[in-house]
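Report on the structure
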Amino acid sequence: MDSPRAFQRCIDASCAKTFPVTSTLVSCPTCGNLLDVDYDWSQFSIAHRNWDHFAQRSSTRGTRVAAGTGPVTPAMLDFSGVWRFRDLLPFYRDESEIVTIGEGRTNLQRADLLAKHLGFDFKAQHGGLYLQYEGYNPSGSFKDNGMTAGFTHAKMVGATRVACASTGNTSAALAVYGTLTGTRCYVFIGEGKIAYGKLSQALDYGAITLQIAGDFDACLARIRHIAEHMPQVGVYLMNSVNPFRLEGQKTIMCRVLEGLDWEVPDWIIVPGGNLGNCSAFGKAFIEMKALGLIDRVPRLAVIQAKGSRTLDRIVNELGVTWKADDGQLMGSWDAKAVDREYRRMDDANERAKTIATAIEINRPVNLPKALRALHAMNGVVRHVDDHCILEHKAMVGKFGFGCEPASAASIAGAHILRREGIIKPDDRVVCVLTGHQLKDPDVTVGYHTGRKTKSDESLAGKARGDVSIALGRLANKPIRVADDLDAILKAMGV
Ligand code: F0G
């Protein structure tokens, strides 16, 4: 039998079992570890080893024939910022199988005003701060990059029901792809743990939304159990344990390179929750280097919230690292130390808690892949508190296009790393802004007014966390004024 071009493989080098790309698996059936999608690149065309190939598609990406739900055309694929790079995620059997809604048309912006406000002394020639705005995806977050790939695989395997646990954005992305493909969608969300913008999307798109009396970790454990052990229910799991989703998220890094005219930056800085994004970035750079598309990889910084800093503790306090085998994609790590830490957290009843609800996660499922990314990209991990997140979010609002709280962790992280001297003045730094500003307007209004707002009470009336929002340093309070011309002019300061 011919060897497969694309396959799934366990990342644990001591297992290394492979499975067909058409299997629906939540984890390695042999050892329970995470799976990758991997390729025998020698069986693919060599066109993808040259950026010119992709640059040509970028140049025509605006010309899209109205898509609807009709057959997929090469123009539709080039329009998508994910599938423009389809040669780098070639797990599909035929291009006609790809599910796309025009995702990944996002921006890389140089942010000089923000850099100046932060006191960054970047040297003009090379150094600079860049923001990758993933909030400009159809559902308003980076999740669409992964969902398009996940739905493509779901279609390949004939799935009719898809499900996820979510802190909000995954559920919004799942729901929009679900509604547009006519797939039945289930989303599990923790009670009082989701920003209203995201909840409103899942409801609007018609996903069956279960508000579980528990947190994200509890929701994920439930849906994982149902997907893995209850085949009679027949749900396809769309969380980032699904390796196909991460294939799509790799292309965020392709677009960063595209935005820098295919030059590799010095730093990629990203918030860490379930650690799917940083894992995908690590895999992208390992592969692009192996394919000869780049000759060096940037450094990675994963920034967690202080109230949910499991990776930070495991790396910086327990010293757990990834030991790579030759190809770098498989390796080993001290899984016993990780398990001991999880048991300690359980015994101490430690729960994740942060105002950045998107990253309020205690047990990040992609932890081993995040260790791999840190190894491959000479990475660092830091944490930032909620106050710091909110102040940096306000700066992105005032000096950029805005972002949601979790996204601002990346800017806060850049600030810390520059102060520590780890980021140098001539470094080129890319912060990934993972979600749109309008995802969580309550936090923004709370910051500017110092008032608690409606969704501090969740649907079921439970408080959204014990973080009260103090009036921020950049607070821009609305001015209350009588409906009177003189009073209005006075308030206008004219
Ligand atoms: N930023 C935003 C806006 C997110 O929604 C998430 C994750 C992250 C960062 C963290 O990314 O998990 O890849 O490390 N949100 C998930 C969700 C967990 O359910 O929407 P990660």
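Let us look at a nonpolar patch on the surface. Together, Leu 485, Leu 489, Met 492 and Val 494 make up an exposed nonpolar region whose accessible area comes to about 440 Å². Positionally, Leu 489 belongs in helix 17 (residues 485-492). Residue classification places Leu 489 among the partly exposed residues on the basis of a relative accessible area of 33%.

What follows covers the sheet that holds strand 14 (residues 380-384). Spatial strand order, 4-5-15-10-11-14: six strands in an open sheet with mixed pairing. The open sheet has two edge strands, strand 4 (107-110) and strand 14, and neither has a second partner. On average, each strand axis in the sheet is inclined to that of its neighbour by 25°, with strand direction left out of account. In terms of strand pairing, strand 4 meets strand 5 (residues 128-133) through four bridges, oriented antiparallel. Opposite Leu 108, over in strand 5, you have Gln 132 as the bridge partner. The strands touched by helix 11 (residues 310-317) are strand 11 (299-305) and strand 14; relative to strand 14, the strand with the most contacts, the crossing angle is about 130°. In this fold helix 14 (residues 386-399) packs onto strand 5, strand 11, strand 14 and strand 15 (428-433), with an angle of close to 95° to the strand it touches most, strand 14.

Among the 21 residues in the neighbourhood of the ligand, the closest are listed as Thr 167, Gly 273, Asn 274, Leu 275 and Thr 434. For the ligand, an oxygen atom lies 2.8 Å from a polar atom in the backbone of Thr 167. Coverage of the ligand by the protein amounts to 99% of the 470 Å² it exposes when considered alone. Among the secondary structure elements, those contributing two or more residues to the shell around the ligand are helix 5 (169-181) and helix 10 (276-290). Of the residues belonging to the shell around the ligand, the class tally is seven nonpolar, 12 polar and two charged.

The subject of this paragraph is the side chain of Asn 274. Counting through the fold element by element, Asn 274 comes out in the loop between strand 10 (267-271) and helix 10. In contact with Asn 274, not counting residues within four places along its chain, are Phe 216, Leu 220, Ser 240, Ile 361, Arg 363, Pro 364, Val 365 and Asn 366.

What follows concerns the packing of aromatic side chains. Per the counting criterion, the structure on display carries 17 aromatic pairs. Between Tyr 39 and Phe 44 the ring centres are 6.3 Å apart and the planes differ by 80°, which places this aromatic pair in the edge-to-face class. The two residues Tyr 39 and Phe 44 agree in class, both being buried. The rings of Trp 51, Phe 54, Phe 85 and Trp 262 are connected pair by pair, giving a single aromatic cluster. Directly above the aromatic system of Phe 79 lies the positively charged group of Arg 105, at a separation of 3.7 Å from the ring centroid.

On to helix 7 (residues 216-229). Owing to its 3.6 residues per turn, the α-helix brings residues three or four apart onto one side. If you check helix 7, its first and last C-alpha atoms are 20 Å apart, about what 14 residues at 1.5 Å a residue would give, namely 20 Å. What helix 7 keeps buried is the set Phe 216, Asp 217, Cys 219, Leu 220, Ile 223 and Ala 227. Buried residues of helix 7, viewed axially, fall in a sector of 155°; they line one side. Exposed and facing more than 90 degrees away from the buried side of helix 7 are Arg 222 and His 229. Looking at the buried positions of helix 7, the neighbouring elements they touch are strand 6 (161-166), strand 7 (184-190), strand 8 (208-212) and strand 9 (236-237).

By the definition in use, this model includes 29 salt bridges. As a salt-bridge pair, Arg 9 and Asp 38 come within 2.5 Å of each other at their nearest N and O atoms. Note that Arg 9 is positioned in strand 1 (residues 6-10) and Asp 38 in strand 3 (residues 35-39), a separation of 29 residues in sequence. Asp 38 shares its class with Arg 9; the two are buried. Across the pair Asp 312 and Arg 309 runs a salt bridge, and its minimum N-O distance is 2.8 Å.

All right, on to the environment of Pro 368 then. Tracing the backbone through its elements, the reader meets Pro 368 in helix 13 (residues 367-376). Pro 368 sits in the buried class, given a relative accessible area of 10%. In this structure the C-alpha to C-alpha distance between Pro 368 and Leu 311, which are 57 residues apart in sequence, comes to 9.8 Å. The residues touching Pro 368, leaving out its near neighbours within four places in the chain, are Ile 11, Leu 34, Trp 322 and Trp 333.

We now examine the sheet that holds strand 7. If you walk across this open sheet you meet the four strands as 8-7-6-9, and the pairing is parallel. If you trace the sheet from one side to the other, it starts and ends with strand 8 and strand 9, each paired once. Sheet topology places strand 6 next to strand 9; two bridges connect them, and they run parallel. Bridging across to strand 9, Ala 163 finds its partner in Leu 237. Sitting on the sheet, helix 5 touches strand 6 and strand 7, and the angle it makes with strand 6 is about 160°.

A word on the pairing of strand 3. In terms of burial, strand 3 is largely enclosed, as five of its five residues are buried. Side chains Leu 35, Val 37 and Tyr 39 of strand 3 all project onto a buried face; the interleaved residues Asp 36 and Asp 38 project onto the opposite face, where all are buried too. Both strand 1 and strand 3 contribute to a ladder of five bridges, which runs antiparallel. Bridge pairing in strand 3 links Gln 8 to Val 37.

Core analysis: the largest hydrophobic core is formed by 101 residues, its most contacted members being Phe 91, Met 253, Ile 268 and Met 288. The dominant element in this core, judged by the number of residues it contributes, is helix 10, at seven residues. Other than its neighbours up to four places away in sequence, Met 253 contacts Ile 268, Phe 281, Ala 284, Phe 285, Met 288 and Val 432. Counting residues in hydrophobic clusters, the runner-up holds 36 residues, among them Ile 303, Ile 359, Val 380 and Val 429.

We now examine the environment of Glu 247. Here Glu 247 is to be found in helix 8 (residues 243-249). Note: C-alpha distance between Glu 247 and Arg 340 (93 residues apart in sequence) is 30 Å. Here the side chain of Glu 247 touches Tyr 39 through a polar contact of 2.6 Å, side chain to side chain. Of note is the side chain of Glu 247, whose polar atom sits 2.7 Å from the side chain of Lys 250.

Definitions and limits used
Residues numbered from 1 in each chain as written. Predicted model: local features only at pLDDT ≥ 70, side-chain atom pairs only at ≥ 80, totals over all residues. Heavy atoms only, no water. Patch = residues over 30% accessible without salt bridge, like charges linked within 9 Å, V, L, I, M, F, W, Y side chains within 5 Å. Areas by Shrake-Rupley, 256 points an atom, 1.4 Å probe, with all protein chains shown as cover. Salt bridge = Lys/Arg side-chain N within 4 Å of Asp/Glu carboxyl O. Helix = DSSP H or I, 4+ residues; strand = E, 2+ residues; numbered from the N terminus. Buried < 20%, exposed > 50% of the residue type's maximum accessible area, 1.4 Å probe, protein only. Pairing = 2+ DSSP bridges. Axes fitted to C-alpha atoms, helices over the stretch in contact; angles between N-to-C directions. Contact = heavy atoms within 4.5 Å. Near = heavy atom within 4 Å. Polar contact = N/O pair within 3.5 Å; in protein donor to acceptor, adjacent residues only side chain to side chain. Nonpolar A, V, L, I, M, F, W, Y, C, P; charged D, E, K, R; others polar. Phe/Tyr/Trp six-rings, centres within 6.5 Å; stacked < 30°, edge-to-face > 60°. Lys NZ or Arg CZ within 6 Å of the ring centre and 35° of its normal. Expected span 1.5 Å × (residues − 1). Arc of directions from axis to C-beta. Core = buried A, V, L, I, M, F, W, Y, C linked by side-chain atoms within 4.5 Å.

What is shown is where atoms sit, not what they do.
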